[in-house]
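One-letter residues, chain by chain:
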Amino acid sequence: MTTSTVRVRVPATSANLGPGFDALGLALDLHDEIEVTLDEPGGGSGTGPHAGVRISIEGEGAGELDEGEDHLIIKAMRKTFDRMGVDQPRNIRLHCVNRIPHARGLGSSSAAICAGILAARALAAPYAARAGPEGGHGGATGDDDATGGNRRAPGAELLSDDEVFALATELEGHPDNVAPCLAGGLTIAWLDQSGRPSMVKLNPHEGIRPVVCVPRQRLSTERARGLLPRDVPHADAAANAGRAALLIAALTRRPDSRLLLAATEDRLHQDYRAPAMPQTAHLVKTLRAKGVPAVVSGAGPTVLAFTTPDTQDLIAPEVGNDWLIQPLSVDPVGSFVQFPETR
Ligand SMILES: Nc1ncnc2c1ncn2[C@@H]1O[C@H](COP(=O)(O)OP(=O)(O)OP(=O)(O)O)[C@@H](O)[C@H]1O
Ligand SMILES: N[C@@H](CCO)C(=O)O
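Keep in mind the model is a prediction, meaning the values are calculated, not measured.

### Details of the site of ligand 1
In the region of ligand 1, 18 residues are neighbours, and Ala 103, Gly 107, Ser 108, Ser 109 and Thr 221 sit closest. With respect to ligand 1, the backbone of Gly 105 contributes an N or O atom lying 3.4 Å from an oxygen atom. Between Ser 109 and ligand 1, the recorded distance is 2.8 Å, taken from a side-chain N or O atom to an oxygen atom. Its free accessible area being 640 Å², ligand 1 has 84% of it covered by the protein chains. The element best represented in the shell around ligand 1 is helix 2 (residues 108–124), accounting for 3 residues.

What follows is the structure, given as structure tokens:
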């Protein structure tokens, strides 16, 4: 029996950030961790039927999530082995430590998909490649740096970082959570005419203090996307384009509350989704009236506020007991891969 193990750590992400629907995203210092072990009888690569998937889960989703082939991480791993053209492993052991809340607008599905893809890619890497530089994604590495700066993560010869990003986007459906999950920091992601994603990573100003207010209520992204209209007024699209541009300036150069308040205005998604999350809509409105730049995080129902020292204390009095208030820093690194046996 040969055994190989990999560990992957992936961050929570907040997408949209107000006006940047399906484009902007921020990686946050809240992580899921997985450990995946492949046991191959006789050391073979293992073909034929999937002999066994064993999953254990700590934290969010324990006792709720599928513990077999329908688990999202296993599905992402299977897809990745197929995409790389390598045999499916027979026995997969997956241990998950889940800290990112599910269906709250903090990118849990992107994190699971990225974790599965990166684990599969690393496990398919030749053993000699495993002692190389750590890290999950060698994509964007600094200001104004588009994807493609591959620093040869283990398995990159089988599936490049750009291909990891493309596969994760294909599985998630849009690139705005996947980009910061892989690369960390603040990302601008877009699709070309053929649907292929690209990103630019930026480092937010150190004065930016994200705070998330997480409600108990869940809302699936699928349902929230179903509330969006097919067409929007030209004036609303134009307003969002200007605000999204302003937001990049505010988040990277001038993080003062007045500018951030104007820069986080949205007309493309938040109001349309409000009926599905009235408490979220109310909290966003109340905080903004007090001068706190607050938005719906991702598809909701979490609220994200960009606080500064002058607004930090304004949040708690507005938030009832049903919400968890979490100040989080920005994760500048993104996904991270480690082989315990090479340590
Ligand atoms: N760690 C995980 N393991 C397995 N499945 C997961 C995991 N995380 C999320 N999922 C699946 O993804 C679903 C949540 O995905 P969904 O896209 O609705 O919300 P989200 O990703 O948390 O929020 P958003 O996309 O708005 O940021 C969960 O209900 C679960 O089925
Ligand atoms: N841009 C996505 C983010 C959530 O996955 C949405 O708002 O639907």
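### Considerations on the packing of helix 2 against helix 3 (residues 161–172)
Helix-helix packing is described using two parameters, namely the angle between the two axes and the distance between the axes. One way to put it is that helix 2 packs onto helix 3 with a least axis distance of 10 Å and a crossing angle of 140°. In terms of orientation, helix 2 lies oblique with respect to helix 3. Pair helix 2 / helix 3 crosses with right-handed handedness. Side by side, helix 2 and helix 3 meet where Ser 109, Ser 110, Ile 113, Cys 114, Ile 117, Leu 118 and Arg 121 of the first sit next to Asp 161, Val 164, Leu 167, Ala 168, Leu 171 and Glu 172 of the second. Considered class by class, the residues forming the contact of helix 2 with helix 3 number 8 nonpolar, 2 polar and 3 charged.

### Notes on the packing of aromatic side chains
One pass over the full model with this rule turns up 0 aromatic pairs. One Lys or Arg, Arg 9, reaches over the ring of Phe 336 and ends 5.7 Å from the middle of that ring.

Thresholds applied
- Residues numbered from 1 in each chain as written.
- Chains lettered and ligands numbered in written order.
- Predicted model: local features only at pLDDT ≥ 70, side-chain atom pairs only at ≥ 80, totals over all residues.
- Heavy atoms only, no water.
- Near = heavy atom within 4 Å.
- Polar contact = N/O pair within 3.5 Å; in protein donor to acceptor, adjacent residues only side chain to side chain.
- Areas by Shrake-Rupley, 256 points an atom, 1.4 Å probe, with all protein chains shown as cover.
- Helix = DSSP H or I, 4+ residues; strand = E, 2+ residues; numbered from the N terminus.
- Axes fitted to C-alpha atoms, helices over the stretch in contact; angles between N-to-C directions.
- Parallel < 35°, antiparallel > 145°, perpendicular 65-115°, else oblique.
- Left-handed = near helix turned anticlockwise from the far one by under 90°.
- Contact = heavy atoms within 4.5 Å.
- Nonpolar A, V, L, I, M, F, W, Y, C, P; charged D, E, K, R; others polar.
- Phe/Tyr/Trp six-rings, centres within 6.5 Å; stacked < 30°, edge-to-face > 60°.
- Lys NZ or Arg CZ within 6 Å of the ring centre and 35° of its normal.

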